[in-house]
Each structure stands twice: as C-alpha cells, then as structure tokens.
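Overview (structure and organization)
The residues making up each chain are set out below.
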Amino acid sequence: MSEHHSADQQRRAFLRAVASAAALGTLSLPTLAPLQAFAKEMEMVVKGPPVPDIPAKKLGKYTYVVIAPDGFPNPKNQGMMSNVTFVVTQKGVVILDSGASVQIGEMALRQIRKVTDKPVIAVFNTHYHGDHWLGNHAFVEAYKDIPIYAHPLTTSAIKTGQGEFWQHLMERSTDNATLGTIVTPPNKEVKHGDELKFGEVTIRCHHYGKAHTPADVCFEIVEDKIVHVGDVAMDRRIAFMEDGSYLGTFKTMDELQKIKPKLWLPGHGQPGPDVLKNNRELFEGIYGACVEAVKQGKPLEEAKSMVLADPRVKKWAPQTKGFNENIGNYTSLAYTEAEQANF
C-alpha cells in the first residue's frame, strides 16, 4: 500500500468520525467548528470537486431558487438533484433546503453573492432525505452559529441513521464527488403554525402529518405568496414514498390548497401554479387503481396492470422522470396502503 493511499484512508476515516459524532449530536457547534477547520486542512485529497454554477432564478420580490437539473444523483450532476431556495430579507438571507453536499451548498453561496452581500442568517430543512440538507455543512462552515430549523422528527432521523445513510449514498452515487461533506443536523425545531419573522418577510410552517415522510414541513413565504412544498409534490417526477403515505399526501395537499398561493415551489423540478394539481392527478391514478384492485380482490400483479391502464397515469407517465424504473415499487406501496385502509 502506498503512503499516499494510506494517508487518503486516514483522512477519510477522520472525516467519517467527525460526521458520525455530529450526526449523533455528541458535538456541539463550538466543538464542531474547530474540527471542521481541521478537516478543511485535510480536504486536498478527499474533498470532491466544485459543483458548476447554476444561476439563481428570481420568483418573487424576495425569493430566488437554484433549480437542479432533472435526474437522480450521478457522477455527471455531482449530486445536484434538488432545488436550493433562498429568500433575501432586510435582516439577511434565509435558505430553504441546502442541497445534497457541501459542494452544492458552496455553489449556492456563490449564487447568493451575485444577488446580495447580506449574510445568511438561517437555514430550513423540509425533511430528512439527504439531498435536501447535506448542504447544511457549507452554511455552518461559512456562518458558524447559524440556526438550522426542521421538524424534530427530521433532526431525530438524521442523528439516528439517516445522516450517515445519505452521506454514503451520495458518495456512492456520484463516484465520490460529494466527499468532504460532514453530516450537519438541524439545531432548532419548528412545528405546524410557527411563524418566523426575518425583517419584513414571514416564513410560516405547515406540517399535517405523514405525507412524503412523517416529518415534511412546507414553508410559506407569506409576502411573496409562494409555498415551498419540498417533496410533498414534485414537478414531473415521482416521489420516493417508502416512508410516506398516499392518503397523508392527499390530506396535506388539501390543507395546502387552502393557502391559495401564486406559486408552488417543489424540491424537484420547475416552480409553477399547477405543481400540486398535476402531481396529485398522477398519485390519485396510482392509488385509486390500487383501491379498486383491492375491492375486486385482485392480486398485486393485476393491480399494476390496472395502474398502467388508468387514464391519469397514462397522461403523466411519459412526462415523469424515473416512472418506468419505479412504478412497480410505487404500485406495491399504494396497494399495501389501500389494503390497510379498506380492511
């Protein structure tokens, strides 16, 4: 084994040790900061490359979004698969979902600097899937004591397995492009109905139980009439539902529709006024066909055929990223939930 290879292994082991301690909550921010500084000195070998700039798109008076390319994490996109939103207020910049790596967070910071020189004063995470929060590391590195807000179930999940799971998943999926990212959990809790004021801008929190996950919080940017829905709804992409509920998603969508915003801002895909309506139509096709299959006593195999024949599914399937690869799994989840709900 070469000396260079041995040093590389030592650096990787150190970064993983720091990440594990942070994920378990055994490192406070004051303790984490110097360890991150030490880790930074060791990054020359183990840190993945910078992520190419994606200019931010302005959505409202205060709201901007860095829109990720379509797709799932791979070496080409370096894990840049979910949108990073920032809100510019009189007090400073607020981040809504920070991306899938420290490199993505750093890229988002570069785009913020093109818009404003105000400091980043807060980060919000919608849920515990790592493509939405692993970028926290970049913002803690740039602003040591920054508050990071999330539902307590998100924080708990990150500290008890989801943190390391997503860190390693992103490394494997991107051929180590995300190396150097330290698991950095939220440190502040939010719940349904909370309103946080940042100068003239209000962030209102919405949580209606299990949807995409049990922990989804949607963030309403009140003055811009924009609702950041995270992964409760996606634009022409099918949501990872292993931790979620179709019925819970419909309930959450019903409640969110009462807000009547100008724009829905998804974690994946393009913002627009019809994001919830379109995603719901696909989900109702999948779940509705499974309910009918269960009522008729049809097995799962026949339920999938019924799903594929549903006109709502046929409408959206050609436009939905990952549909063919994942429809079997999503049908199985819908069928299981339909069985539980109807018996």
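Everything discussed here concerns the structure shown above.
The following paragraphs examine the structure supplied in this document. (Residues numbered from 1 in each chain as written. Predicted model: local features only at pLDDT ≥ 70, side-chain atom pairs only at ≥ 80, totals over all residues. Heavy atoms only, no water.)

Inspection of the secondary structure puts His268 in the loop between β12 (263–266) and α8 (275–295). We classify His268 as buried; its relative accessible area is 3%. Here Asp231 takes part through its side chain, which lies 3.4 Å from a polar atom of the side chain of His268. (Helix = DSSP H or I, 4+ residues; strand = E, 2+ residues; numbered from the N terminus. Buried < 20%, exposed > 50% of the residue type's maximum accessible area, 1.4 Å probe, protein only. Polar contact = N/O pair within 3.5 Å; in protein donor to acceptor, adjacent residues only side chain to side chain.)

Of note, Ala303 is situated in helix α9 (residues 300–309). Remark: the alpha-carbon pair of Ala303 and Val291, spanning 12 residues in sequence, is separated by 8.8 Å. Beyond its immediate sequence surroundings of up to four residues, Ala303 is in contact with Ala293, Thr331 and Tyr335. (Contact = heavy atoms within 4.5 Å.)

All right, on to the sheet that holds strand β1 (residues 57–58) then. The 7 strands are arranged β1-β2-β3-β4-β5-β6-β7 in an open sheet whose pairing can be described as mixed. Looking along the sheet, the strands with just one partner apiece sit at the ends: β1 and β7 (188–189). Looking at chain direction, strand β2 (residues 63–66) and strand β3 (residues 84–88) are connected through 4 bridges and run antiparallel. Bridge pairing in β3 links Val66 to Val84. Across the sheet, helix α4 (residues 102–115) touches β2, β3, β4 (93–96) and β5 (120–124), and the angle it forms with β3 is around 35°. (Pairing = 2+ DSSP bridges. Axes fitted to C-alpha atoms, helices over the stretch in contact; angles between N-to-C directions.)

So, about unusual backbone geometry. At Asp97, a position not held by glycine, the phi torsion is positive, near 65°. Structurally, the position occupied by Asp97 is in the loop between β4 and α4. Positive phi, normally seen in glycine, also occurs at Arg236, with a value near 55°. Take Arg236: it is sitting in the loop between β11 (226–230) and α7 (246–257).

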